[in-house]
Amino acid sequence: MHSREIVDETLRLKALGMTDHAIAAQCSVSVQALRHWRYGTRRAPHTTADRSFYCPVCANGDVDPAAYSYLLGLYLGDGYIGHIRNGVDYLSIACSDTWPGLIEECAEAIPKVFPVKVFRVRRKGCTEVKGASKHWRCVFPQNGRGMKHSRPIVLDPWQQQIVDDHTPSFVRGLIHSDGCRVSNRVRKKTGEGWKYYEYPRYFFSNTSQEISDLLTNGLDRLGIAWKRRVEEKPPHHDAFIVSVAQKAAVARMDEFVGPKY
Ligand SMILES: [Zn+2]
């Protein structure tokens, strides 16, 4: 067994362009071990010399598609890409401190997309989960100037393919960022006296109609009934609110989303 630090260090050295043999010697581990950490069970790419082979856009790399689909949902809700230096960017996902489990899930998803070290920055009421890479703008080409509602959000074909193949992960990411599951408790009089009924439902709110469309397209693919209303918020921007309230639809959502934690 090797510590997470050693695994991270080998990945970091690889990203700097060192050969597997040099890394193995420096970290006192086997070449097979490092290749296993790097590729997991996936097929090794043809060009191991390409130091950006993880990038699915500017190299022949690939990403863990389920983790990517989830992280894309988080990114579209609460993420942004900032610049550090020398072409290195950081991805930042703002996670509410109310849901410590979701902070963990986000921190686990990021290195499945890229083998980067994840760090956390405490802010008031939230924690930024961050990772640095030269390729965030490749894998999240939706980055750009201004707020997400003020620019077009269109998925590239390869992203759409991943989202189509892993729609539940994508929907889960969107709900974990800009959505919630609430439970309304209602008291009703019956023949046997007062009874309480729970009406769980899901809500999602975003100021970008295109992001809202990505969610509803995903729900359509999964056969989940939804409704949308627009809350006008002049003079700023409207909020597109998607709700899933039908019993069967909520039950289906509970299979892969569930309450925040
Ligand atoms: Zn790239």
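Shown above is the structure to which this text applies.
Residues numbered from 1 in each chain as written. Predicted model: local features only at pLDDT ≥ 70, side-chain atom pairs only at ≥ 80, totals over all residues.

**Brief notes about the overall build of the protein**
Working step 1: On a plain count of helices and strands, the protein comes out with 10 helices and eight strands.
Working step 2: Structurally, the protein occupies a C-alpha span of about 75 × 45 × 35 Å along its principal axes.
Working step 3: Scored against the burial criterion, the 261 residues of the protein give a buried share of 30%.
Working step 4: Restricting to contacts in the protein with at least 6 residues of sequence separation, those with at least 24 account for 60%. (Helix = DSSP H or I, 4+ residues; strand = E, 2+ residues; numbered from the N terminus. Buried ≥ 20, exposed ≤ 12 C-beta atoms within 10 Å, placed from the backbone. Contact = placed C-beta atoms within 7 Å.)

**As for the sheet that holds strand β3 (residues 118–123)**
Working step 1: Here four strands make up an open sheet; going across it, the order is β1-β2-β4-β3 and the pairing antiparallel. Two strands close off the open sheet at either side, each with one partner strand: β1 (79–85) and β3. Put simply, the sheet's adjacent strands are angled 30° from each other on average, direction ignored.
Working step 2: One ladder, built from six bridges, connects β1 with strand β2 (residues 88–96); its direction is antiparallel. Following the sheet pairing, Ile81 is matched in β2 by Leu91.
Working step 3: Each of β2, β3 and β4 (126–133) is contacted by helix α5 (residues 100–113), which is oriented at about 5° to β4, the strand it contacts most. (Pairing = 2+ DSSP bridges. Axes fitted to C-alpha atoms, helices over the stretch in contact; angles between N-to-C directions.)

**Side note on the packing of helix α4 (residues 65–78) against helix α8 (residues 167–178)**
Working step 1: Across the interface, α4 lies against α8 with an axial gap of 7 Å and an inter-helix angle of 30°. For the element pair α4 / α8, the angle class is roughly parallel. Viewed along their axes, α4 and α8 form a crossing whose handedness is right-handed. The segment α4 lies against α8, with Ala66, Ser69, Tyr70, Leu71, Leu72, Gly73, Leu74, Leu76, Gly77 and Asp78 engaging Ser169, Phe170, Val171, Arg172, Gly173, Leu174, His176, Ser177 and Asp178.
Working step 2: Of the residues that constitute the contact of α4 with α8, the class distribution is nine nonpolar, seven polar and three charged. (Parallel < 35°, antiparallel > 145°, perpendicular 65-115°, else oblique. Left-handed = near helix turned anticlockwise from the far one by under 90°. Nonpolar A, V, L, I, M, F, W, Y, C, P; charged D, E, K, R; others polar.)

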